[in-house]
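The residues making up each chain are set out below.
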Amino acid sequence: MEKISKTYDVPPTEALDSSAISQSVAHQLRRAHGQFIQRFLHYFSVVNLRPTEYSVLAMIAENPGRKQSEIAAVLGIQRANFVSLMNDLEERCLTERRNVPNDRRSYALHLTPSGESLLSDARRAEADFEADCLERLGGMRARDQFLALLARLFG
């Protein structure tokens, strides 16, 4: 039986022409997203949170008692995905769902004391992450311009 490595010849090491994709907004955003996730996970490893989990906890902290559907809509998370995410956060004792008076189909979201504590630690991780991003972007003005451009692109 022939080894797989022998069936595919490795081309000589030459620089690949990447000029087409280097000017592609779609490609650069995909690469930036990958780098963002790696850096985020590095900074947030101390609190064991993914980007979406952090966003959900921060939104609940700023808007306690709001309905699941409201938080999900603001964050752009589909209902089914949000329910699964909330189940995970609840299993970790970070959030709790409470019945909404006069609406038996909805739940109000709240952080637990453990969730508040973890979010406090996560905000310190975010400050470090933001400082790294700020440095890489070249300062506050560049950061504000970057955010404005993203808002124009996707807003």
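Provided above is the structure to which this section pertains.
Below is a summary of the structure that appears in this document. Nothing here was measured: the structure is a model prediction, and the numbers come from that model.

Residues of helix α5 (residues 68-75) that are buried: Q68, I71 and A72. The buried residues of α5 occupy an angular sector of 100° when projected down its axis, which confines them to one face. Of the exposed residues in α5, those oriented more than 90 degrees away from the buried face are S69, A73 and V74.

A surface patch of nonpolar side chains, about 390 Å² in accessible area, is lined by V25, L29, L153 and F154. Broken down by secondary-structure element, the contributors of at least two residues to the nonpolar patch are α3 (25-44) and α8 (140-154). By secondary structure assignment, the location of L29 is in helix α3.

As paired strands, strand β1 (residues 95-100) and strand β2 (residues 103-111) are joined by 6 bridges and run antiparallel to one another. Paired with T95 across the two strands is L111, which belongs to β2. Two successive antiparallel strands, β1 and β2, enclose a turn made up of 2 residues, where N102 displays a positive phi of approximately 65°.

Looking now at the environment of G34. With respect to the secondary-structure elements, G34 resides in helix α3. For G34 and P101, which are 67 residues apart along the polypeptide, the C-alpha to C-alpha distance reads 42 Å.

Here we take up the packing of helix α4 (residues 51-62) against α5. Between α4 and α5, the least distance of the axes is 11 Å, while the angle of their chain directions is 125°. Between α4 and α5, the angle falls in the class oblique. As α4 runs across α5, the sense of the crossing is right-handed. Of α5, the residues touching α4 (which contributes S55, V56, M59 and I60) are I71, V74 and L75.

Calculation notes
- Residues numbered from 1 in each chain as written.
- Predicted model: local features only at pLDDT ≥ 70, side-chain atom pairs only at ≥ 80, totals over all residues.
- Heavy atoms only, no water.
- Buried < 20%, exposed > 50% of the residue type's maximum accessible area, 1.4 Å probe, protein only.
- Helix = DSSP H or I, 4+ residues; strand = E, 2+ residues; numbered from the N terminus.
- Arc of directions from axis to C-beta.
- Patch = residues over 30% accessible without salt bridge, like charges linked within 9 Å, V, L, I, M, F, W, Y side chains within 5 Å.
- Areas by Shrake-Rupley, 256 points an atom, 1.4 Å probe, with all protein chains shown as cover.
- Salt bridge = Lys/Arg side-chain N within 4 Å of Asp/Glu carboxyl O.
- Pairing = 2+ DSSP bridges.
- Axes fitted to C-alpha atoms, helices over the stretch in contact; angles between N-to-C directions.
- Parallel < 35°, antiparallel > 145°, perpendicular 65-115°, else oblique.
- Left-handed = near helix turned anticlockwise from the far one by under 90°.
- Contact = heavy atoms within 4.5 Å.

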